[in-house]
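Tertiary structure, described
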Amino acid sequence: MKPDLSTEFVGIRSPNPFWLASAPPTDRAVNVQRAFKAGWGGVVWKTLGIDPPVVNVNGPRYGFWQGDNRRVQGFSNIELISDRSILSNLREIAEIKAQWPDRAVVVSVMFPLEESVWAEWLPRVEATGADGIELNLGCPHGMSERGMGSAMGQAPELVEMVTRLAKAHTGLPVIVKLTPNVTDITWGAVAAQAGGADAVSLINTINSIVSVDLERMAPMPTVDGKGTHGGYCGPAVKPIALNMVAEIARHPALAGLPISGIGGVGTWRDTAEFMALGASNVQVCTAAMLYGFRIIEDLVGGLQTWMTEQGHTRLEDFIGRAVPNVSDWSQLNLNFVTKAKIDVDRCIGCGRCYIACEDTSHQAIGRVADSGRYQVRAEDCVGCNLCVAVCPVSDCISMAAMAGGVDPRTGVSITAQPMNWTQHPNNPMAPCPSGEGQGD
Amino acid sequence: MSLSAVILSPELLEARFRPLEEVLPASEAPMEAERCYYCHDAPCVTACPTDIDIPGFIRAIAVGQPARAAERILQANPLGGSCARVCPVETLCEQSCVRQGEEGGPVRIGRLQRLSMAQASPDLFPAATAEVRAQKIAVVGAGPAGLAGAHLLAREGFAVDLFEAQARAGGLNESGIAAYKMLDDAAQHEVAHLLTGDRIQLRCGMALGRDIALAQLRSDYDAVFLALGLQGQHRLQIPGEDLAGVLPAVPFIARMRRGEPVPVGQKVVVIGGGMTAIDIAVQIRLLGAEEVHLCYRRGPEAMGASAREQQLARDQGVLIHHFRRPLRIEGEGGDCVAIWLQPTVLQDECCVDQGQPLRWAVDQVFTAIGQRFNPEVWGEDGASLQLDAHGKIAVDADFRTSLPGVWAGGDCVGRSDDLTVHAVADAKRAVLSMLGDLRHET
Ligand SMILES: Cc1cc2nc3c(=O)[nH]c(=O)nc-3n(C[C@H](O)[C@H](O)[C@H](O)COP(=O)(O)OP(=O)(O)OC[C@H]3O[C@@H](n4cnc5c(N)ncnc54)[C@H](O)[C@@H]3O)c2cc1C
Ligand SMILES: Cc1cc2nc3c(=O)[nH]c(=O)nc-3n(C[C@H](O)[C@H](O)[C@H](O)COP(=O)(O)O)c2cc1C
Ligand code: SF4
Ligand code: SF4
Ligand code: SF4
């Protein structure tokens, strides 16, 4: 039996948790048609605005950072919202939904702060048969200069106001898509919840200049000699997105607010990570743009394979499972001691761990006499993990926790009793072990 | 007479054959997988006769799930395991890889496939249909074509009787392929996976033409799939061919692989230019022959063996001589003592003799000049089965023979090169066509 991937997100059902994010892959019926044929569980339609439609640049709109093997690690765009008339979009949405009743079709919108606009258009969106509305409060380029997109998303009071407007004019579930271009992602989420949002989705793209053309001395993509900051996405933004998802998931006031995870999802592992941190489904843009819709087969097969290995039969078995383990630094156990250990038989003697530790860490690695291999001196190792990061051989250096005895570096006995910073004697704010007052 | 009897013992396999295995260390797999561009409409897939989704399975390796890669391979090719070991990838998928001309060469598809297939188990095969069909099908010959055909038919719900003349299933995987490609009893493991389930009855020791008759099969079964391979050996047609010490390569390899004692000479000449010639030359070296010369009547480009295989032979100390045509073999007391070779040159794309014949003293000569189909196998009742211009079973594009209800595939038909992967592709095609025809019948 293959694990069941079907989901229900704010009442919207889809056969799998993979939705295409609002972006070029969901820009028109032909694309969405192909996506559903390939097996995608749902789409968030490319953001609609009111007529007259916006106009995109006719020069390059994408920039990128390619890693080894010319694989795109980070992707940046200066595209605006849909540049087609709202009516033709709505017509296509209605057609698609009628044809694919089992798939999720959510419509992303970006309207100005005028009640009449929302009152006029949300019912017409609803009439297409779409399953939900997503509010684009995140687009960080172009639209934000016009007071919309991230310009709204960065002001919690506007987030609340817009959400309330939307909720007032539709019975459909409303998902608020958050911008990462803020100091604290939870502020926007709290505001969305206050405005009545059914869920949040995150992240939209990050303000960025992906590279500079040093001949033309202009940011890329360069349009007739000039560039503007773009929105950053793709594998490179995943760590930022994961943190933001986790911050919302573990925020006490936001408990139970459904999250749609977005940002750099391209493999089963990315998906499982987002979900472990509390996302109920994921949205994908860049991976589909780089590999085509067929990537869905790998995502579905990969997730099912991992779930089978883990004995998970449904997504609920692991959604949010890592959230309780995300904590503040101050709660980490300072009595937990690890030491690096080099497997001499696997070591190829490249010396990278040695030079990294010698120059920039704690001078804890030395060459084993006459062997050309390296070994860790436990008495100097602080367990920082740098050597593991630089070693080119898999499973060669591992971090081993000390279960007992004395830490040869500090001479302190290992204890099973945890102690965090709030309890540590060096912390001036920590309560005095003798129980005396703190001298405030 | 200096032939010694050698047995291919487990120790000999480990010491001399094992080092020729081509495997990718698991630690290198992710890096190699990352080299794949995940091409759309990938040329490597087009080049694979069984249409394995190569970028798809490689991506599964790249994301750390080699077992899912195996699953993907088995969806397209139930013999993905032996193909990973025996396919001459340099003339198939890897030759078409878009990275061919780039630094580092083509993605090492064959080795990635081999690595994935190390995970193979019966549950990775696509599930069989729940539906059980009333129709019964006879498959004759349990080589790659017959095994693939039987497996695919069983998966579709048919009851299959699989008849095999030999004591074990596997065909040339078991008895022909070079021993260093099929170590660890790989052929039998694969057979066990393919025949899992109760829909296939394997009946070994049952030869068509001896124990069973085609006419009988046609009346007892709803369809027949012939996958007989090639049992006859082409002959040089030169004097001395019947002397002791002059042997056709394929039966010799079969005896060696069965673990029977085989004669090994000191100075050996192999006649031929294909994969079999390379295989016998390399293996007779590994068995202990001191000097091995491979003689081919034309130039290196005309050789059936790929440049890589020729290099492999040279690496093992085999001396390859082009433009040498055998004239006769000289005997003494019934044993061969020398071979006479005529040098040739290429003239207007034809080989013509030039120069004096050479006499080489040898104590063993192998012929590896091809195999042929043995129409004698089924006696009289096969007379109505049409053969093609090459004496193989004539089939249409869907592998139907001239007899209604009888299909054929693999080496015994001539629609493609004689390779394991083509045998599987033939079987896939034949099964599709059987499915169509049988559906109309009921
Ligand atoms: C020496 C050698 C090396 C090779 N190396 C490679 C290689 O490296 N890579 C590669 O891709 N290909 C290789 N090949 C080719 C490959 O082995 C064949 O293309 C492939 O095995 C064909 O499969 P098949 O099922 O058609 O025939 P076979 O493998 O020949 O199987 C036919 C089966 O039918 C059985 N049979 C025959 N007659 C009867 C009968 N009358 N009744 C019942 N059963 C019968 C036989 O016993 C046998 O089991 C090699 C071939 C040889 C000879
Ligand atoms: C070219 C491009 C256009 C986009 N347009 C929109 C848009 O119209 N509305 C929106 O909400 N997000 C838009 N996005 C953001 C994506 O929906 C998504 O949030 C972001 O790309 C992160 O996901 P990813 O890393 O999977 O690409 C766009 C992204 C790209 C690359
Ligand atoms: S991807 Fe297509 S639309 Fe975009 S620049 Fe290339 S050819 Fe033009
Ligand atoms: S290598 Fe050729 S096919 Fe591949 S992306 Fe570049 S232009 Fe396209
Ligand atoms: S042709 Fe080469 S690079 Fe392209 S998909 Fe096939 S193996 Fe990968």
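Some details on helix H15 (residues 307-315) of chain B
Residue and element names in this part refer to chain B. Taken together, the buried positions of H15 are occupied by Glu309, Gln310 and Ala313. Mapping the buried residues of H15 onto a view down its axis gives an arc of 100 degrees, with all of them on the same face. Exposed and facing more than 90 degrees away from the buried side of H15 are Ala307 and Asp315. Buried residues in H15 make contact with helix H14 (275-286) and strand E11 (319-321).

Some points on the pattern of salt bridges
Counting across every chain of the model gives 52 salt bridges over all chains. Between Glu92(A) and Arg84(A) there is a salt bridge, and its shortest N-O distance comes to 3.0 Å. Glu92(A) sits in the buried class, given a relative accessible area of 17%. For Arg84(A), a relative accessible area of 16% puts it in the buried group. Of the charged contacts, one joins Arg18(B) and Glu14(B) as a salt bridge, the two residues approaching to 2.8 Å between their closest N and O atoms. The exposure class assigned to Glu14(B) is partly exposed, which follows from its relative accessible area of 44%. Taken together, the shared-partner salt bridges in this structure form one network comprising Glu14(B), Arg18(B), Glu21(B), Arg114(B) and Asp184(B).

Overview of a nonpolar patch on the surface
Nonpolar side chains collect at one region of the surface, where Ile209(A), Val212(A), Leu214(A) and Met217(A) lie side by side and expose about 440 Å² of accessible area between them. Considering the arrangement of structural elements, one finds Ile209(A) in the loop between strand E11 (206-208) and strand E12 (211-213).

Focus on the site of ligand 5
Cys36(B), Tyr37(B), Cys39(B), Ala42(B), Cys44(B), Pro55(B), Cys97(B), Val98(B), Val107(B) and Ile109(B) make up every residue found near ligand 5. Each residue belonging to the shell around ligand 5 can be placed in one class, and the counts come to 10 nonpolar, no polar and no charged.

Observations concerning the packing of aromatic side chains
All names here are of chain A. Per the stated rule, a full pass over the model turns up 10 aromatic pairs over all chains. Considering the side-chain rings of phenylalanine 9 and tryptophan 19, the 5.8 Å spacing of their centres and the 85 degrees angle between planes classify their relative orientation as edge-to-face. In this pair, phenylalanine 9 sits in strand E1 (residues 7-9) while tryptophan 19 sits in strand E3 (residues 18-20), placing the two residues 10 residues apart along the sequence. Comparing phenylalanine 9 with tryptophan 19, the two get one shared label, buried. Arranged with centres 5.5 Å apart and planes meeting at 55 degrees, the rings of phenylalanine 36 and tryptophan 100 form a pair that is tilted. Of this pair, phenylalanine 36 sits in helix H1 (residues 29-38) while tryptophan 100 sits in the loop between helix H2 (86-99) and strand E7 (104-109), and the two are 64 residues apart along the sequence. Note on phenylalanine 36: relative accessible area 1%, which makes it buried.

With respect to helix H4 (residues 54-62) of chain B
Residues and elements named next belong to chain B. Burial runs high along H4: 8 of the 9 residues are buried. All of the buried residues along H4 are Ile54, Pro55, Gly56, Phe57, Ile58, Arg59, Ala60 and Ile61. Where H4 begins, the side chain of aspartate 53 points an oxygen toward the backbone nitrogen of glycine 56, at a separation of 2.9 Å. Of the residues flanking the end of H4, it is glycine 64, one or two places downstream, whose phi is positive at about 85 degrees.

A look at the sheet that holds strand E16 (residues 281-284) of chain A
Sheet strands pair by backbone hydrogen bonding; their relative direction is either parallel or antiparallel. Residues and elements named next belong to chain A. Pairing is parallel around the closed barrel formed by 8 strands, whose spatial order is E3-E4-E7-E8-E9-E10-E15-E16. Pairwise comparison of adjacent strand axes, ignoring direction, gives a mean angle of 25 degrees for this sheet. Sheet analysis places strand E15 (residues 259-262) next to E16, joined by 3 bridges and oriented parallel. Looking at E16, one finds that isoleucine 262 is bridged to glutamine 283. Against the sheet, helix H5 (residues 156-169) contacts strand E8 (132-136) and strand E9 (174-177), and its axis sits at roughly 155 degrees relative to E9.

Let's talk about the pairing of E7(A)
All names here are of chain A. Burial runs high along E7: 6 of the 6 residues are buried. What you see with E7 is no split at all: Ala104, Val106 and Ser108 on one side and Val105, Val107 and Val109 on the other are buried throughout. Pairing of strand E4 (residues 42-48) with E7 involves 5 bridges; the strand directions are parallel. Looking at the pairing, tryptophan 45 lines up with valine 107 of E7. Here E7 runs beside E8; their pairing, made up of 4 bridges, is parallel. Within the sheet, the bridge partner assigned to valine 109 lies in E8 and is leucine 135. For the handedness criterion, the β-α-β arrangement of E7, helix H3 (residues 115-126) and E8 is classed as right-handed.

Concerning the packing of helix H5 (residues 66-76) of chain B against helix H8 (residues 109-117) of chain B
Residues and elements named next belong to chain B. One way to put it is that H5 packs onto H8 with a least axis distance of 8 Å and a crossing angle of 105 degrees. Taken together, the axis directions place H5 and H8 in an arrangement best described as roughly perpendicular. Side by side, H5 and H8 meet where Pro66, Ala69, Ala70, Ile73 and Leu74 of the first sit next to Gln113, Ser116 and Met117 of the second. Residues that form the contact of H5 with H8 fall into these classes: 6 nonpolar, 2 polar and no charged.

Notes on the nonpolar core
Counting 90 residues, the largest nonpolar core has Trp40(A), Trp118(A), Leu135(A), Val176(A), Val200(A), Leu202(A) and Leu303(A) as the members making the most contacts within it. Per element, the largest residue contribution to this core is 7 residues, and it comes from helix H10 (residues 295-310) of chain A. Setting aside residues no more than four positions away along its own chain, Val176(A) makes contact with Leu135(A), Leu137(A), Val159(A), Thr163(A), Ala192(A), Ala197(A), Ala199(A), Val200(A) and Ser201(A). Grouped together as the second largest cluster of nonpolar side chains are 87 residues, Leu124(B), Leu162(B), Val406(B) and Ala427(B) included.

Considerations on the sheet that holds E11(B)
Residue and element names in this part refer to chain B. The 5 strands lie next to each other as E7-E16-E9-E10-E11, forming an open sheet whose pairing is parallel. Every other strand in the sheet has two partners, leaving strand E7 (246-248) and E11 as the edge strands with one partner each. The sheet shows a mean angle of 20 degrees between the axes of neighbouring strands, direction not considered. In this structure, E7 lies alongside strand E16 (residues 364-367), joined through 3 bridges in parallel fashion. Paired with proline 248 across the strands is threonine 367, a residue of E16. Taken strand by strand, helix H13 (residues 249-257) contacts E7 and E16, and its axis lies near 80 degrees from that of E7. With respect to the sheet, H14 is in contact with strand E9 (267-271), strand E10 (291-295) and E16, its orientation differing from that of E10 by roughly 175 degrees.

Here we look at the side chain of Asn281(A)
All names here are of chain A. Tracing the sequence through the fold places asparagine 281 in strand E16. The buried category is assigned to asparagine 281, whose relative accessible area is 0%. Residues within four places of asparagine 281 in sequence aside, it is in contact with Phe9, Pro17, Trp19, Ile259, Ser260, Gly261 and Met275.

Section: the interface of chain A and chain B
Each partner contributes residues to the interface: chain A has 17 residues there, and chain B has 16 residues. Overall, the association of chain A and chain B removes approximately 1,300 Å² of surface from exposure, summing both partners, and the carbon and sulfur fraction of that is 35%. At the boundary of chain A and chain B, one finds 5 salt bridges. Two residues, Asp298(A) and Arg68(B), come together in a salt bridge whose shortest N-O distance is 3.1 Å. Seen at the junction of chain A and chain B, the total is 12 residue pairs in polar contact (both at pLDDT 80 or more). Here the element with the most residues in the side of chain A that touches chain B is H10(A); it accounts for 7 residues. Looking at the side of chain A that touches chain B, its residues break down into 4 nonpolar, 7 polar and 6 charged.

Cut-offs used in this document
- Residues numbered from 1 in each chain as written.
- Chains lettered and ligands numbered in written order.
- Predicted model: local features only at pLDDT ≥ 70, side-chain atom pairs only at ≥ 80, totals over all residues.
- Heavy atoms only, no water.
- Buried < 20%, exposed > 50% of the residue type's maximum accessible area, 1.4 Å probe, protein only.
- Helix = DSSP H or I, 4+ residues; strand = E, 2+ residues; numbered from the N terminus.
- Arc of directions from axis to C-beta.
- Contact = heavy atoms within 4.5 Å.
- Salt bridge = Lys/Arg side-chain N within 4 Å of Asp/Glu carboxyl O.
- Patch = residues over 30% accessible without salt bridge, like charges linked within 9 Å, V, L, I, M, F, W, Y side chains within 5 Å.
- Areas by Shrake-Rupley, 256 points an atom, 1.4 Å probe, with all protein chains shown as cover.
- Near = heavy atom within 4 Å.
- Nonpolar A, V, L, I, M, F, W, Y, C, P; charged D, E, K, R; others polar.
- Phe/Tyr/Trp six-rings, centres within 6.5 Å; stacked < 30°, edge-to-face > 60°.
- Polar contact = N/O pair within 3.5 Å; in protein donor to acceptor, adjacent residues only side chain to side chain.
- Pairing = 2+ DSSP bridges.
- Axes fitted to C-alpha atoms, helices over the stretch in contact; angles between N-to-C directions.
- Right-handed = clockwise from strand over helix to strand, strands pointing away.
- Parallel < 35°, antiparallel > 145°, perpendicular 65-115°, else oblique.
- Core = buried A, V, L, I, M, F, W, Y, C linked by side-chain atoms within 4.5 Å.
- Buried area = accessible area lost by both parts, 1.4 Å probe.

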